[in-house]
Amino acid sequence: MGARVRDLTARRRVVAAIAVLVTVVAGVVVAGTVRGTASAEAGQVPAGDPACGPAWVTAWQTSPQPGPEAAAAGGRFGGRTLRMVLRPQSTGSEIRVRLSNRYGQVPLVVAAASAATTGTGAGTRGGAPRPVLFDGRAEVTIPAGAEIVSDPVPFVAQAGLPVSVSVFLPREPDRVATHPLALQTSWVSAPGNHVDSTSGAAFGTPVTAWFVVTGLDVLVPRAEHAVVLVGDSITDGLGSDPDENDRWSDALSARLATEGGAAQMSVLNAGISGNQLLADAFGVGDSPATRFRFDVAAAAGVTDVVLHIGTNDIAEGRAADQIEAGLVHFADQARAAGLRVFLTTITPSRTGPRGTAAGQATRTAVNAWVLGQGPAHSDGVFDFAAAVADPARPDRLAPAYDSGDGLHLSAAGYRALAGAVRTDALAGSPCLAGDAASSVVVSGGR
C-alpha cells in the first residue's frame with residue numbers, strides 16, 4: 001500500500017483493512033501484547049465477522065497550525081533532522097506515519113524518515129530505527145497544502161509506549177506545520193541526516209512542539225474505533241504537566257482502557273490553544289469547521305467526536321446566538337460525515353473579558369442552550385462546566401481544579417472533565433467485547 005496524499009480540495013477518510021496480522025522480517029524478534037480473538041458472547045460482534053478483522057486506527061495525532069517561517073529551536077530546519085516523540089493509544093503490529101505540509105506555499109521535501117521505540121532523552125532503543133517509506137522510496141515531496149501517509153511499516157506499537165519518528169529535511173521549508181503546545185519533549189538535531197541514529201548525541205536541542213509529523217496509524221488485530229476531542233487550550237492541556245500525559249484526553253483514554261472490552265477506543269487530541277469556534281486566526285489555528293477534514297474525518301477508525309470550545313469566542317465578544325449557531329454547524333458537519341457528535345458546556349472563568357458581566361451572561365446562555373437544545377443537534381451533551389465549577393461560586397473553577405490562572409485546569413481538573421463523559425454514550429469498539437490479551441510475534445523489537 002503506497003503513500004497517500006490528502007489535499008484541501010478532497011475530504012478523505014483514511015480507514016483501511018489489511019489481511020495480514022503480523023509481518024515477520026529479518027531482525028530481532030520479540031513478543032508484544034495485543035488484543036486477541038475471543039469467543040463470541042451474547043450481544044457481541046461474532047469473532048469471525050469480517051468487520052472485526054485487522055484494521056487501521058489512528059493511534060495518535062495532533063492538530064497543526066502555521067508555524068514560524070522555518071526558524072525554531074535556535075536554528076533553521078533545513079539540513080537537520082527532527083525527532084518527534086509520540087505516544088500511541090493503541091497496540092498493533094504495523095504503523096503508518098502522517099506528515100504535513102498543510103500550510104506550506106511550496107512543496108516540502110523529506111529526504112528520509114524512520115520510526116523507533118523512544119529511549120532515554122533523544123535516544124532510541126530496540127535496535128536500529130525502522131525506515132519509513134513512501135511508495136517504496138525513502139524520499140517524498142509533499143505538495144503545498146497537503147498531508148501524506150506512509151507505507152505500512154512492520155513495527156510493534158504498544159499503547160502508552162512512546163515512539164520516536166525522525167524526519168530529515170534537506171532544504172529549508174517555507175512554513176512548518178507546527179503544534180506549539182505539545183507538552184512533550186521532542187528534539188531537533190545538529191546539521192545532518194540522523195534518522196538512523198540510535199544515539200541522542202546529535203539531537204542537542206529539545207523542543208516542546210511537534211513539527212511536520214501529525215499522525216500515527218496502527219494496524220490492530222481487531223477493529224478498534226477512535227474518538228476525536230476537538231477544542232482549544234483546555235483540550236490542548238494547557239496547565240497540565242509537560243511529559244506527564246495528564247490532559248483530559250489522556251485521562252479519558254485511561255478511563256476507557258480501565259473499563260476495557262468494548263468500551264476501549266483510541267482517544268485523539270485535536271485541541272489548539274487559543275482556538276475559536278467562529279474564526280480562523282493566525283496563531284490560534286483554523287476553526288474546528290475549517291480543519292474538520294484533516295483533524296476529524298481523516299482519522300482512521302473514527303466514529304465519535306466531542307467538541308469543547310467557546311471560551312475564546314466569548315473573550316472576542318461573540319454573542320450567545322452566534323456561538324450556538326457555530327455549535328450546530330459543526331454538529332451538522334460531523335453527522336453529515338457519518339460520525340456521532342457530542343457537545344459540552346463551556347467551563348467557567350473569571351479572567352479578562354470572560355469574567356465581565358457580559359461575558360458571564362454569554363457563557364450562561366450558551367450553556368443553558370447546550371443542556372436544553374444541544375441533544376436535538378447531537379448524540380448527547382456533557383456538562384463540563386458543572387464538573388469543574390466551584391460549588392460555592394459556579395462562575396469560577398473549583399480551587400482544586402484551577403491550574404492557577406483561573407481559566408485552565410490542573411491535572412485533577414482534566415481528570416474531572418474525563419469523568420464527566422458518559423462513556424456508555426460513545427460508540428466504543430464492539431469488536432473488542434470479551435477480548436482476552438494474547439501475544440503476537442513482531443519483528444525488530446519495535
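Residues numbered from 1 in each chain as written. Predicted model: local features only at pLDDT ≥ 70, side-chain atom pairs only at ≥ 80, totals over all residues. Heavy atoms only, no water.

**Points about the pattern of salt bridges**
Item 1. Scanning all chains against the criterion turns up 15 salt bridges.
Item 2. Between Arg350 and Asp395 there is a salt bridge whose closest N-O contact spans 3.0 Å. Highlighted residues: Arg350 in the loop between strand E24 (340–344) and helix H6 (357–377) and Asp395 in strand E27 (residues 393–397), separated in sequence by 45 residues.
Item 3. By relative accessible area, Asp395 is classed as buried at 18%.
Item 4. A single network of salt bridges, built from pairs that share partners, joins Arg98, Arg102, Glu147, Arg291 and Asp295. (Salt bridge = Lys/Arg side-chain N within 4 Å of Asp/Glu carboxyl O. Helix = DSSP H or I, 4+ residues; strand = E, 2+ residues; numbered from the N terminus. Buried < 20%, exposed > 50% of the residue type's maximum accessible area, 1.4 Å probe, protein only.)

**Digging into helix H8 (residues 411–419)**
Item 1. Those residues of H8 lying buried are Ala411, Gly413, Tyr414, Ala416, Leu417 and Ala418.
Item 2. Of the surrounding secondary structure, the elements contacted by the buried residues of H8 are helix H1 (233–236), helix H2 (248–259) and helix H7 (384–388). (Contact = heavy atoms within 4.5 Å.)

**Re the packing of aromatic side chains**
Item 1. Within the structure shown, the criterion is met by six aromatic pairs.
Item 2. Seen from their ring centres, Trp248 and Phe384 are 5.1 Å apart, and the 85° between their planes marks the pair as edge-to-face. Here Trp248 is found in helix H2, whereas its partner Phe384 is found in helix H7, with 136 residues between them in sequence. Just as Trp248 is buried, Phe384 falls in that class too.
Item 3. Among the aromatic residues, those joined into a ring-pair cluster are Trp248, Phe342, Phe382 and Phe384.
Item 4. Its end group placed over the ring of Trp56, Arg96 keeps NZ or CZ at 4.1 Å from the ring centre. (Phe/Tyr/Trp six-rings, centres within 6.5 Å; stacked < 30°, edge-to-face > 60°. Lys NZ or Arg CZ within 6 Å of the ring centre and 35° of its normal.)

**Considering the pairing of strand E17 (residues 186–191)**
Item 1. Of the strand pairs in this sheet, strand E7 (residues 80–86) and E17 are connected by three bridges, and their pairing is antiparallel. When the sheet's bridge partners are listed, Arg83 is paired in E17 with Trp187.
Item 2. The pairing of E17 with strand E18 (residues 205–207) spans three bridges and is classified as antiparallel. Note on E18: the bridge partner recorded for Ser186 is Val207. (Pairing = 2+ DSSP bridges.)

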